[in-house]
Amino acid sequence: MAQSASRFNVNTRFSNWWYNQKNKIIKNIRIQDFLAKFPITSRIARKEGEAIFQLMTGFVDTQILFTFVQSGALKLLEDNPMSVEELSRKIGLDLKGAEILCRAGCALGLVRFKSQRVFLARRGVLILSLPGMAELIDHHSILYEDLSDPISLFRGEKETQLSKFWPYVFGQADSLSSSDVSKYSDLMSKSQFMVARDTIGCIKINKNAKWLDVGGGSGAFANELVRKHPTVKVSIFDVPGANEAENGPHKFISGSFFTDKIPTGFDTVSCIRVLYDHDDQTVSSLLAKIHSSLPEGGRIIVSEPMLGEFSPNKWGDTYFATYTYAMKTGTTRSPSQVSDFLYKSGFKKVKIFPSRRPFVTTVIEAHKN
Ligand SMILES: C[S@@+](CC[C@H](N)C(=O)[O-])C[C@H]1O[C@@H](n2cnc3c(N)ncnc32)[C@H](O)[C@@H]1O
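Every value quoted in this text rests on a predicted model; they were computed, and no experiment measured them.

## What to know about the overall build of the protein chain
Assigned secondary structure in the protein chain consists of 15 helices and nine strands. C-alpha atoms of the protein chain, sized along the principal axes, occupy 75 × 70 × 40 Å. Counting contacts in the protein chain only where the partners sit at least 6 residues apart, residues at least 24 apart contribute 63% of the total.

Take a look at the structure:
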C-alpha cells in the first residue's frame, strides 16, 4: 500500500514537472516564432489563434445574429434583396450602423453582397426556415442577462431570469398566468420540430403502440408522431393548461408527476426534453413512477440534448449545461448518466442511439423486462 502510494507520488511529481515544461514551451515567444516558419506547425498556431479570437468575441457574433432577427432584416431580405440604404430605412437603423451590420452578417454567412445589393446567404435562409429558430434566438436575451455577471452565476448566488422564465419546473403550474403558459408552450412547440424528427427517425415504432408523452406540452411531438404513424394512439400527460387541444390527434391527461401517478394503459412512455429540467431526485422519482405505470415489456424513450459522453462538447457541456444550471432546477446529463438513472429505476436493455445532431437531441430507449 505504502509502496504504491509512493510510486503514485513519483508519477505525480513527474507529470507535474512535464506539465510545467510543456506550458513553458507553448508560452515561449521564440519557439512560437520558430514554429510559425513551417507549414504544419504554422497552421496549428493560426488555428489556435483563430479559436482564441472566436472565444473572446463570440458574444458579438450572437448579437449580430440577434439584430438581424429582432430588427426583421432577415425576414425582409427573404422577400427581396435590397441595398444597404433601403434596408437601413426599413429597419430603422443609422446607415453606418446598417453597413457594419451587413458586412458583419456577410462575414458570419447570414447574407451576401451582389451588385450593390444584400441577399440572404444559405445560412440566413436556413435560420428562417427552421421552426422556432427566431424565437430561440430572441429568448436568449434572458440567458445573456444572467450571464452578464457569470462569476456570480457560477457561484450559484444569482437569482436568475431563466428560473423565472421557466417557473413551471418548480411545480407551481397553478400559479402561472395564461400568458406565461402560452409563452413557453409556443417556444417549446416550435423548437420541437427538429427534436421530433430526430427522435422518431431513430427508433422503431410499433404501429399499434399506445403511447404516453409525459411532459408533452402543447403536443408538437405527439402530432408529429401521429402524422408519421397515424395508427399510433398518443396521449399527453402534462400540467393543467399546458395543452389546449380538444379535438386534436392526441388526448390530453392533466396532472403533475410531482404529485400524481403516471397514467396506465400505455406500452410506450416518452420523456422528450423533460429530465434535464429537473434535479436528480425528481428524475429518479419520475422514472420509478413511469416504470411502475408500464406493463411488462413496455418501453421508455428519453430524448433531450446531453453532455458529451467521451469528452465535453460545445453544445452539451458549454451551452445546455450552462442553460440548465441557470434555470436552477435543471441538469444536463450524459447518455451514460441518463442510462444509470434508467437502470436504477428498474429498466433493462438500455440502448443509446447514435445521435444525428447531438446539438438537437440524443435518444435513449429502455424496457421493463
Ligand atoms: C422543456 S418542456 C418540453 C415539452 C415537450 N416535451 C417538448 O420537448 O417540446 C417540459 C415539459 O414538462 C412539463 N412539466 C413540467 N413539470 C411537470 C410536472 N410536474 N408534471 C407534468 N409535466 C410537467 C412542462 O409543462 C413542459 O411541457
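## Considerations on the site of the ligand
Surveying the vicinity of the ligand reveals 22 residues, the closest of which are Gln192, Gly215, Gly217, Ser256 and Arg273. Broken down by secondary-structure element, the contributors of at least two residues to the shell around the ligand are α11 (178-202) and α12 (220-228). Here the shell around the ligand gets four residues from one element, more than from any other, and that element is α11. Here the residues of the shell around the ligand sort into 12 nonpolar, seven polar and three charged.

## A look at unusual backbone geometry
Excluding glycine, residues mostly have negative phi values, and the peptide bonds linking residues are mostly trans. For serine 115, which is not glycine, the phi torsion reads 45° and is therefore positive. According to the C-beta neighbour criterion, serine 115 is exposed, with 7 such atoms within 10 Å. Residues other than glycine seldom take positive phi values, yet glutamine 116 does so here, at roughly 65°. In this structure, glutamine 116 sits in the loop between β1 (111-114) and β2 (117-120). C-beta crowding within 10 Å serves as the criterion here: with 9 such atoms nearby, glutamine 116 is assigned to the exposed category.

## Describing helix α3 (residues 39-70)
Along its 32 residues, α3 runs 43 Å from first to last C-alpha, staying within 8% of the 46 Å computed at 1.5 Å per residue. Largest kink in α3: about 60°, centred on threonine 57. By the criterion of burial, α3 is predominantly exposed, with just three of the 32 residues buried. The first or second residue beyond α3 is glycine 72, which carries a positive phi of 85°.

## Observations concerning the domain arrangement of the protein chain
The extent of an interface is frequently quoted as the accessible surface area lost upon association of the parts. For the protein chain, the assigned domains are domain 1 (36-127) and domain 2 (134-367). A separation of 33 Å is found between the C-alpha centroids of domain 1 and domain 2.

## Considering the nonpolar core
Residues Val214, Val269, Leu275, Ile290, Ile300, Val302 and Val338 are the most contacted members of the largest nonpolar core, which totals 40 residues. Once residues lying within four places of it in the same chain are set aside, the contact partners of leucine 275 are Val283, Val302, Glu304 and Val338. Core analysis: the second largest hydrophobic core is formed by 15 residues, Leu77, Val84, Leu87 and Leu101 among them.

## A closer look at the environment of lysine 348
Locating lysine 348 in the fold gives a position in strand β8 (residues 348-352). Setting aside residues no more than four positions away along its own chain, lysine 348 makes contact with Ala366, His367 and Asn369.

Conventions and cut-offs
Residues numbered from 1 in each chain as written. Predicted model: local features only at pLDDT ≥ 70, side-chain atom pairs only at ≥ 80, totals over all residues. Helix = DSSP H or I, 4+ residues; strand = E, 2+ residues; numbered from the N terminus. Contact = placed C-beta atoms within 7 Å. Near = placed C-beta within 6 Å. Nonpolar A, V, L, I, M, F, W, Y, C, P; charged D, E, K, R; others polar. Buried ≥ 20, exposed ≤ 12 C-beta atoms within 10 Å, placed from the backbone. Expected span 1.5 Å × (residues − 1). Bend = angle between axes of the 7 residues up to and from the residue. Domains from an automatic or database assignment. Core = buried A, V, L, I, M, F, W, Y, C linked by C-beta atoms within 7 Å.

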